[in-house]
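# Reading the structure
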Amino acid sequence: MQSPTPYWNPYLETMPLERLRASQLSRFRSILTWAWDHSPWYREFYQAAGLEPGDIQTWEDARRVPKVDKGMLKGAQEQEPFPYGSRLCVPLDQVAEFRQTSGTTGTPVYQADTWQDWEWWAEAWCYILWSQGYRPRDRVFIPFGYNIFVAFWAGHYACEKIGCEVVPGGVLDTASRVLKIQELKATAMMGTPTYMLNMADVARHKLGLEPAELSIEKITCAGEPGASIPSTKQRIESAWGAKLYDHAGATEIGAWSYECAAQPGGLHVNEALFLVEIEDLVTGEIIDQPGKRGKMIITALDRRAQPCIRFDSKDLIEWAPDPCPCGRTFRLIKGGVRGRADDITKVKGVLLSPSAIEAVVRGFAELADEYEVVVERIGDSERITLKIEFNPGAEGDQEETLAALKNELRLKTNLGYVIEVHPLGALTRYEVKARRFKDLREGH
Amino acid sequence: MDQAKIDSLRQRAARLRAELEALCAEAGDFPAVSRNAARISASLAMISLSLGLDASGAETEGPIAN
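None of the values given here were measured: they were computed from a predicted structure. (Residues numbered from 1 in each chain as written. Chains lettered and ligands numbered in written order. Predicted model: local features only at pLDDT ≥ 70, side-chain atom pairs only at ≥ 80, totals over all residues.)

Residues and elements named next belong to chain A. Partitioning chain A into structural domains gives domain 1 (1-341) and domain 2 (345-439). One C-alpha centre belongs to domain 1, the other to domain 2; they are set 29 Å apart. In this complex, domain 1 contributes 16 residues to the contact, which on the side of domain 2 involves 13 residues. Where the side of domain 1 that touches domain 2 is concerned, the elements lending two or more residues are α8 (193-205) and α9 (230-240). Of the residues forming the side of domain 1 that touches domain 2, the biggest block, five residues, is contributed by α8. (Domains from an automatic or database assignment. Contact = placed C-beta atoms within 7 Å. Helix = DSSP H or I, 4+ residues; strand = E, 2+ residues; numbered from the N terminus.)

This is the structure we're talking about:
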């Protein structure tokens, strides 16, 4: 019999917020004490700040706990024990899982998890998948490389815990993956937004299959903000004839948020497992009211091997003004992760977020899924080139479309662009996270 | 959700934890028992978290602070 409850955890997901908050504060103190007792790095870090775990009695106290960032994590792992360093809170023989960050900003962060931590990862993913309608009857295809990156590993384990049938689509090329979905009549899958579009493209143009006519009913995306960008979401839902749900997480943090089946235009923070604070980019004050964007400071309340306490994620988020109609009391962040504090760049004196360009480009049905943005310095001035492709049959209206595109870009980003049209298929296709924004200016 | 039901589930989880600890102690150097018990222990920790306790089964809801 299918479970009728829409909640993975009907107790915690509907708990009054003030009770959740009391539990969060208590567990914040616990994880801080755990880190102090078991990690030389954390103890020295907090001692240097003149802080002891017993000092934390109120939310005001908690907000005085110093933040950590990725650079600090990398520094800590240069100490013993290899390769995790002195942030590790358990003996090495209790480490059950190794993962690492992608290292796109330099040295990767190595992440240790005990088996309990790994169960915790899967538990967090169960909240995500159950809220999106994954049930034991689902056959879930996971087209992911199963490697050193955490990506959809925990999604796989969560599917097992829920009771879904899991099809690991590891070492297969994209066409073989599409054919396997067709062969097995898979009902759900997971991937980055980029790869979901890529798979649909391969289905149509290499295999002559219409992806919307396959059996996929729901897709869970992570790794990029696209699934919360309405124009990208609409493209993927339309291509696959399926519901698309977003999720945001990170190797150093865990799976901290999810879009539920109500698709409320935002992500629930899993407040049973994480404490999320939003910090004003200018004043550093914590923002509790809706509608004001800041960067996320996050604590994983129960992760033990390498705790994540007041981690400066640099993700830009804001609280939504209204509760979700799904009945969960976990707060919503409006529009998902809106970008990263370190992705926003100044071009011609104007702040530019790559997500804003994606939202515009993906809103033009005439344009194909891929695009690329190049920022260069030409002499004393700066130039943004947007490379695009037209969908088959849309080339006839090129001039009109290009004019409308330029106009919309100026309206939404306050900047002018040089548009380059490339033949369909000429731009790079990505299998995992895309690198569409290329800033070639010195120092960027 | 009915708090009496949560309390009852918490009590059962506590009994399971005590039984599991006794099993581990009795097993001693018996990997096929102790390693499987370690896995159950991790699952039990998730049950504790799901019932609003901490991973060790302790209460987490203290007084509501400011």
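Another point: unusual backbone geometry. Residue and element names in this part refer to chain A. Note that the residue after E80, namely P81, is joined by a cis bond; omega there is 0°. Structurally, P81 can be placed in the loop between α4 (70-76) and β1 (97-100). Cis rather than trans, the peptide bond between F82 and P83 has omega equal to -5°. Inspection of the secondary structure puts P83 in the loop between α4 and β1. The backbone phi angle of A151 is positive, close to 25°, even though this residue is not glycine.

Running from N to C, helix α5 (residues 115-131) of chain A and helix α2 (residues 31-50) of chain B point in directions that differ by 45°, and their axes come no closer than 9 Å. Classified by the interaxial angle, the pair formed by α5 of chain A and α2 of chain B is oblique. Where α5 of chain A crosses over α2 of chain B, the handedness of that crossing is right-handed. Within the contact between the two elements, α5 of chain A uses W115, Q116, E119, W120 and E123 of chain A and α2 of chain B uses A38, R39, A42, S43, A45 and M46 of chain B. Among the residues making up the contact of α5 of chain A with α2 of chain B, the classes are represented as six nonpolar, two polar and three charged. (Axes fitted to C-alpha atoms, helices over the stretch in contact; angles between N-to-C directions. Parallel < 35°, antiparallel > 145°, perpendicular 65-115°, else oblique. Left-handed = near helix turned anticlockwise from the far one by under 90°. Nonpolar A, V, L, I, M, F, W, Y, C, P; charged D, E, K, R; others polar.)

On to the sheet that holds strand β12 (residues 311-317) of chain A. Residues and elements named next belong to chain A. Pairing is antiparallel in the open sheet, where three strands are placed in the order β10-β11-β12. Looking at strand neighbours, the two that pair on one side only are β10 (274-279) and β12, the edges of this open sheet. The mean inter-strand angle of the sheet, taken between neighbouring strand axes irrespective of direction, is 35°. Pairing geometry for β10 and strand β11 (residues 294-300), over six bridges, is antiparallel. Within β11, the position partnered with E279 by the bridge is K295. (Pairing = 2+ DSSP bridges.)

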